[in-house]
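Letter by letter, the chains look like this.
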Amino acid sequence: MKKQIGSGILLFLGNDECGINYEDNTYPYRQDSTFLYYFDLSYPGLADVIDIEEDKEIIFGDELSIDHIVWMGTQPTLSEKSHQVGVETILPSRKLNSYLEKAAHKGQRIHYLPPYRAEYRLKYIELLGLFPNDQRGSVNFIRSVINQRNYKTPEEIVEIEKACDVTADMHIAAMKYIRPGMKEYEVVSLLQSVATAAGCSLSFPIIATINGQTLHNHYHGNTIREGELFLIDAGAETEMGYAGDMSSTIPVGKKFTTLQKEIYDIQVASHLTAVNALKPGIPYMEIYDSVCKVIFNGLKELGFTRGDADEAIRAGAHALFMPHGLGYMMGLDVHDMENLGELWVGYNGLPKSTQFGRKSVRLARPLEPGFVLTVEPGIYFIPELIELWKSHQKFTKFIHYNKVETYKGFGGIRNEEDYLITETGARRLGKKIPLTTEEVEALRQ
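Owing to the predicted nature of the structure, the values given are computational and were not obtained by experimental measurement. (Residues numbered from 1 in each chain as written. Predicted model: local features only at pLDDT ≥ 70, side-chain atom pairs only at ≥ 80, totals over all residues. Heavy atoms only, no water.)

### Quick word on the overall build of the protein chain
Here is step 1 of the chain: Counting its secondary structure elements, the protein chain contains 16 helices and 17 strands.
Here is step 2 of the chain: Scaling as 2.2 N^0.38, a compact globule of 445 residues should have a C-alpha radius of gyration of about 22 Å, and the protein chain matches this with 24 Å.
Here is step 3 of the chain: Each principal axis of the C-alpha atoms in the protein chain carries an extent, and together these give about 70 × 45 × 45 Å.
Here is step 4 of the chain: For the protein chain, buried positions account for 52% of its 445 residues.
Here is step 5 of the chain: For the protein chain, restricting intrachain contacts to residue pairs at least 6 apart in sequence, the fraction spanning at least 24 positions comes to 72%. (Helix = DSSP H or I, 4+ residues; strand = E, 2+ residues; numbered from the N terminus. Rg over C-alpha atoms; globule rule 2.2 N^0.38 Å. Buried < 20%, exposed > 50% of the residue type's maximum accessible area, 1.4 Å probe, protein only. Contact = heavy atoms within 4.5 Å.)

Structure representation (structure tokens):
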């Protein structure tokens with residue numbers, strides 16, 4: 001990184017504690033992922049500077065007082081923690097401002113990453129004199145971080161696979177457990193307990209719902225009934241901070257209904273189309289288009305769509321049924337480095353589409369060995385979207401609205417797996433969870 005950027009100061013801000021409803025009742029602590037990647041110190045109140053000209057790293061932070069120790073117990077000192085990760089220079093937090101001022105006075109450029117928390121925005125005002133509208137981050141610094149974190153090392157892959165194994169255990173346990181009459185939150189409780197029992201936390205808030213047509217549904221108060229589909233999107237995060245992310249869709253009864261199986265099998269066909277296409281060099285946007293074509297043509301056979309699939313997809317008609325992308329990079333973040341910008345992580349600086357559906361594609365660039373990504377096509381019947389498009393007579397050349405309207409209560413289907421791109425193709429990470437209708441029904445008996 002120092003060679004790539006060449007000169008200046010690289011500023012890394014660690015995360016602070018954040019109160020839920022008052023200062024001392026905090027959210028579970030999570031260190032900034034880039035700070036973890038380079039310094040592996042999961043403690044609040046830290047910052048780090050890499051001074052390229054001086055060829056040194058400095059941790060800025062404060063030792064625990066006796067008041068901290070009374071409440072938190074004895075811990076290694078900040079000096080001991082820093083030495084363990086190879087940083088020999090430790091300075092008090094109050095010294096950071098003056099250090100940056102001296103660097104700026106000497107003509108050194110201060111490189112920084114874009115903020116995503118309110119305390120970062122306040123600190124950048126104090127440390128850099130930048131108000132929020134000007135806090136865009138240093139492009140060279142952003143791209144340098146991405147160019148390292150995008151390519152997972154063997155050690156990282158071991159840790160991600162550990163997260164994926166626990167994630168698969170969560171889904172398999174829930175797929176066996178679900179019964180008519182339960183509340184959604186009972187399934188959520190089981191998913192979380194499996195992660196906790198394995199020494200993991202959650203990589204994102206659990207989605208577990210009979211309303212799978214709502215893409216990020218975090219309400220868990222519904223009663224589960226026979227004949228409904230239940231969509232789960234959940235993942236584990238290891239102690240080191242690496243994520244797993246999988247989705248599954250399960251019949252609440254022991255078998256899919258005929259109508260459910262027809263749509264579910266199309267989703268599985270699209271999923272396998274994506275998996276079979278994974279290899280170095282192929283743009284992920286190209287795989288997205290292939291997946292959308294499978295979905296459009298499958299629905300065409302059932303009478304939902306009509307016309308030429310390629311033409312419909314170019315126009316954006318497919319997004320009525322799949323309004324999101326195909327997947328994204330995964331690692332220390334479940335959407336890896338999303339805080340650094342999809343334009344750089346998933347597009348390598350190329351512009352994104354503004355078309356509905358396609359604009360939600362997070363990963364479009366050609367795949368390379370070392371990338372870890374999710375594969376998660378879906379098929380949804382979203383009543384509000386159906387009504388809106390029909391009222392505007394949108395894409396009537398491609399969509400049979402009379403047929404689509406009869407499925408307004410269907411819900412949504414999504415299955416998701418995590419893959420590593422290898423030199424010759426791709427490898428699924430983690431245990432296999434049931435995917436086909438036959439596999440799911442066998443587990444449900």
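### Focus on the packing of helix 5 (residues 95-105) against helix 6 (residues 118-128)
Here is step 1 of the chain: Packing of helix 5 against helix 6 leaves a shortest axis separation of 9 Å and a crossing angle of 50 degrees. For the element pair helix 5 / helix 6, the angle class is oblique. Counted together, Leu96, Asn97 and Leu100 of helix 5 and Glu126, Leu127 and Leu128 of helix 6 form the full contact between these two elements. (Axes fitted to C-alpha atoms, helices over the stretch in contact; angles between N-to-C directions. Parallel < 35°, antiparallel > 145°, perpendicular 65-115°, else oblique.)

### Things to note about the side chain of Gln135
Here is step 1 of the chain: Assignment of secondary structure puts Gln135 in the loop between helix 6 and helix 7 (139-149).
Here is step 2 of the chain: Residue Gln135 is classed as buried on the basis of its relative accessible area, which comes to 5%.
Here is step 3 of the chain: Within the local environment of Gln135, its side chain forms a polar contact with the backbone oxygen of Arg121, the two atoms lying 3.0 Å apart.
Here is step 4 of the chain: In this structure, Gln135 is in contact with Tyr112, Pro114, Pro115, Arg121, Tyr124, Ile125 and Leu130, ignoring residues within four places of it in sequence. (Polar contact = N/O pair within 3.5 Å; in protein donor to acceptor, adjacent residues only side chain to side chain.)

### Describing helix 14 (residues 383-391)
Here is step 1 of the chain: Considered for burial, the residues of helix 14 that qualify are Pro383, Leu385, Ile386 and Trp389. What you see down the axis of helix 14 is that its buried residues fit within an arc of 165 degrees, all on one side. Across helix 14 from its buried face, at more than 90 degrees, point the exposed residues Glu384 and Ser391.
Here is step 2 of the chain: Those residues of helix 14 hidden inside the fold are in contact with strand 14 (378-381) and helix 15 (401-405).
Here is step 3 of the chain: Downstream of helix 14 by one or two residues, Gln393 has phi in the positive range, about 50 degrees. (Arc of directions from axis to C-beta.)

### Quick word on the packing of helix 10 (residues 258-277) against helix 16 (residues 437-444)
Here is step 1 of the chain: It is the contact of helix 10 with helix 16, at a shortest axis distance of 10 Å, that shows an interaxial angle of 125 degrees. Comparing the axis directions of helix 10 and helix 16 gives the class oblique. Along its contact with helix 10, which presents Lys261, Tyr264 and Asp265, the element helix 16 presents Thr437, Glu438 and Val440.
Here is step 2 of the chain: A per-class count over the contact of helix 10 with helix 16 returns two nonpolar, one polar and three charged. (Nonpolar A, V, L, I, M, F, W, Y, C, P; charged D, E, K, R; others polar.)

### Some details on the pattern of salt bridges
Here is step 1 of the chain: Counted by the stated rule, this structure contains 26 salt bridges.
Here is step 2 of the chain: Between Asp310 and Lys293 there is a salt bridge, and its shortest N-O distance comes to 3.4 Å. Of the two residues, Asp310 is situated in helix 12 (residues 309-315) and Lys293 in helix 11 (residues 284-301); the sequence distance between them amounts to 17 residues.
Here is step 3 of the chain: On the basis of relative accessibility, which here comes to 34%, the residue Asp310 falls in the partly exposed class.
Here is step 4 of the chain: Between Lys352 and Glu342 there is a salt bridge, with the nearest N and O atoms lying 2.6 Å from each other. Pair noted here: Lys352 is in the loop between helix 13 (342-345) and strand 13 (372-375) and Glu342 is in helix 13, with a separation of ten residues, a long-range link.
Here is step 5 of the chain: Within the structure, one salt-bridge network assembled from shared partners comprises Arg149, Lys152, Asp333 and Asp336. (Salt bridge = Lys/Arg side-chain N within 4 Å of Asp/Glu carboxyl O.)

### Quick look at helix 16
Here is step 1 of the chain: Listing the buried residues of helix 16 in full gives Thr437, Val440, Glu441 and Arg444. Along the axis of helix 16, the buried residues cluster in a sector spanning 95 degrees; they form a single face. Within helix 16, the exposed residues directed more than 90 degrees away from the buried face are Glu438 and Ala442.
Here is step 2 of the chain: Where the residues of helix 16 are buried, they touch helix 8 (154-177), strand 12 (246-251) and helix 10.

### Topic: the packing of aromatic side chains
Here is step 1 of the chain: Under the definition given, this model contains 19 aromatic pairs.
Here is step 2 of the chain: For the ring pair Phe35 and Phe39, a centre distance of 5.2 Å and an interplane angle of 50 degrees mean the geometry is tilted. Placement of both Phe35 and Phe39 in helix 2 (residues 33-39) is noted, with a separation of four residues, approximately one turn of the helix.
Here is step 3 of the chain: In this structure Phe35 comes out as buried when scored by relative accessible area, which is 0%.
Here is step 4 of the chain: The side chain of Lys81 reaches across the aromatic face of Tyr43, ending 3.6 Å from its centre.
Here is step 5 of the chain: Lying across the ring of Phe304, Lys403 places its NZ or CZ 5.1 Å from the centre. (Phe/Tyr/Trp six-rings, centres within 6.5 Å; stacked < 30°, edge-to-face > 60°. Lys NZ or Arg CZ within 6 Å of the ring centre and 35° of its normal.)

### Side note on the environment of Ile9
Here is step 1 of the chain: Among the secondary structure elements, Ile9 is positioned in strand 1 (residues 9-13).
Here is step 2 of the chain: We classify Ile9 as buried; its relative accessible area is 0%.
Here is step 3 of the chain: Placed 139 residues apart in sequence, Ile9 and Gln148 show a C-alpha to C-alpha distance of 18 Å.
Here is step 4 of the chain: Residues in contact with Ile9, not counting those within four places in the same chain, are Val49, Ile50, Asp51, Tyr99, Leu100, Ala103, Gln108, Arg109, Ile110 and His111.

### Focus: a positive patch on the surface
Here is step 1 of the chain: Where like charges cluster on the molecular surface, the positive patch consists of Lys56, Arg94, Lys95, Lys102 and Lys106.
Here is step 2 of the chain: Relative accessible area serves as the criterion here: at 65%, Arg94 is assigned to the exposed category. (Patch = residues over 30% accessible without salt bridge, like charges linked within 9 Å, V, L, I, M, F, W, Y side chains within 5 Å. Areas by Shrake-Rupley, 256 points an atom, 1.4 Å probe, with all protein chains shown as cover. Lys, Arg positive; Asp, Glu negative; His and termini not counted. Charge placed at Lys NZ, Arg CZ, Asp CG, Glu CD.)

### Quick word on the sheet that holds strand 6 (residues 89-91)
Here is step 1 of the chain: Reading across from one edge, 6-5-4-1-7 is the order of the five strands in this open sheet, with mixed pairing throughout. In this open sheet, the two strands that pair with only one neighbour each are strand 6 and strand 7 (110-111).
Here is step 2 of the chain: When strand 5 (residues 56-60) meets strand 6, the two strands line up parallel, connected through three bridges. By the bridge assignment, Phe60 is partnered in strand 6 with Leu91.
Here is step 3 of the chain: Lying over the sheet, helix 6 contacts strand 1 and strand 7, oriented at roughly 145 degrees with respect to strand 1. (Pairing = 2+ DSSP bridges.)

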